[in-house]
Amino acid sequence: MCKGLAALPQSCLERAKEIKSKLGVLLQKPENAIDLIIPYPEKAEKKPEKQQKPTPEEASQWREGLDRVLNNSYGLAAFRSFLQSEFSDENIEFWMTCEDFKKTKNPMKMATKAKKIYEDFIQSEGPREVNIDHFTKDVTLRNLVDLSPTTFDLAQKRIFALMEKDSFGRFLRSEQYQQLIVT
């Protein structure tokens, strides 16, 4: 029969309470709008650049690796469109959201984004849950206690590897990609 929490050492209970209080910060909503005021001005967001269609030679270089595709604005859009057509775009959406998270400087915005990323993509039964192992979920959850731009790095790397191994090959064989590499 389970003895409950009383059977755990006091140090474990204290550590659990500490983690719970730190995670609680992420779950708190501001009491009023004044809490949402940004303490310093952030850079104005740039308008997205018009994506220029790559030459067949440039598109052919994408075969070298998924990173080539993701570092090219047209390639990223094409890959994303391909995944949407397969109804499997949660991985690229997660990867892109993590890239955006890494650029966040404001701690309040970082906490808000981290909470949303966790709830949408990492948490079990989340609306856009990505396929990562239990260990990666645990590490990511622990990283939420002390936020940094690298909070989601392990999960992002796992999803990148999954896309590279699975979706990327199908993308290279797709009609969409094949049209880009013919002159």
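Structure shown above.
Below you will find a few notes about this structure. (Residues numbered from 1 in each chain as written. Predicted model: local features only at pLDDT ≥ 70, side-chain atom pairs only at ≥ 80, totals over all residues. Heavy atoms only, no water.)

This brings us to the overall build of the protein chain. Along the backbone of the protein chain there are 9 helices and 0 strands. The order of α-helices and β-strands along the protein chain, N terminus first, is α-α-α-α-α-α-α-α-α. Put simply, of all contacts in the protein chain between residues at least 6 apart along the chain, 62% involve residues at least 24 apart. Accessible area of the protein chain: about 12,600 Å², with a carbon and sulfur share of 54%. (Helix = DSSP H or I, 4+ residues; strand = E, 2+ residues; numbered from the N terminus. Contact = heavy atoms within 4.5 Å. Areas by Shrake-Rupley, 256 points an atom, 1.4 Å probe, with all protein chains shown as cover.)

For side chains of opposite charge, pairing can occur when their charged atoms come near one another. Tallying each qualifying case throughout the model produces 12 salt bridges. Between D120 and K116 there is a salt bridge, and its shortest N-O distance comes to 2.7 Å. Taken together, the positions of D120 and K116, both in helix α6 (residues 107-122) and 4 residues apart, correspond to about one turn of that helix. The exposure class assigned to D120 is buried, which follows from its relative accessible area of 16%. Its salt-bridge partner being E129, residue K137 comes within 2.7 Å of it at the nearest N-O pair. We classify E129 as partly exposed; its relative accessible area is 30%. Each of the salt bridges in this network shares a partner with another, and the network as a whole consists of E86, D166 and R170. (Salt bridge = Lys/Arg side-chain N within 4 Å of Asp/Glu carboxyl O. Buried < 20%, exposed > 50% of the residue type's maximum accessible area, 1.4 Å probe, protein only.)

It is worth spelling out helix α7 (residues 134-143) at this point. For α7, every residue scored as buried is listed here: T136, K137, V139 and T140. Down the axis of α7, the buried set is contained in an arc of 165°. They therefore lie on one face. Exposed residues pointing more than 90 degrees away from the buried face of α7 are listed as H134, F135 and R142. The distance from a side-chain oxygen at the start of α7 to the backbone nitrogen of F135 is 3.2 Å, and the residue carrying that oxygen is D133. (Arc of directions from axis to C-beta. Polar contact = N/O pair within 3.5 Å; in protein donor to acceptor, adjacent residues only side chain to side chain.)

This brings us to the packing of α7 against helix α8 (residues 153-173). Interhelical geometry of α7 versus α8 gives an angle of 150° and a closest axis separation of 8 Å. With respect to α8, the element α7 is oriented roughly antiparallel. Contacts between α7 and α8 pair F135, T136, V139 and T140 from the former with L154, A155 and R158 from the latter. (Axes fitted to C-alpha atoms, helices over the stretch in contact; angles between N-to-C directions. Parallel < 35°, antiparallel > 145°, perpendicular 65-115°, else oblique.)

Turning our eyes to something else, we now look at helix α4 (residues 73-85). When the terminal C-alpha atoms of α4 are compared, their 18 Å separation across 13 residues agrees well with the 18 Å that a helix rising 1.5 Å per residue should span. Two or three places before Y74, at the start of α4, stands the capping residue N72, its side-chain oxygen 2.9 Å from that residue's backbone nitrogen. The first or second residue beyond α4 is F87, which carries a positive phi of 55°. (Expected span 1.5 Å × (residues − 1).)

Attention now moves to the packing of α4 against α8. The contact between α4 and α8 brings their axes to 10 Å, and the two run at 90°. Overall, the two elements α4 and α8 adopt an arrangement that is roughly perpendicular. Every residue of α8 that contacts α4 at A78, F79, F82 and L83 is listed here: M163, S167, F168, R170 and F171. Taken together, the residues that form the contact of α4 with α8 break down as 7 nonpolar, 1 polar and 1 charged. (Nonpolar A, V, L, I, M, F, W, Y, C, P; charged D, E, K, R; others polar.)

Turning next to unusual backbone geometry. Located in the positive-phi region is F87, a residue other than glycine, with phi close to 55°. Following the sequence through the fold, F87 ends up in the loop between α4 and α5 (90-102). Within the chain, E125 stands out as a residue other than glycine whose phi angle is a positive 70°. Along the chain, E125 turns up in the loop between α6 and α7.

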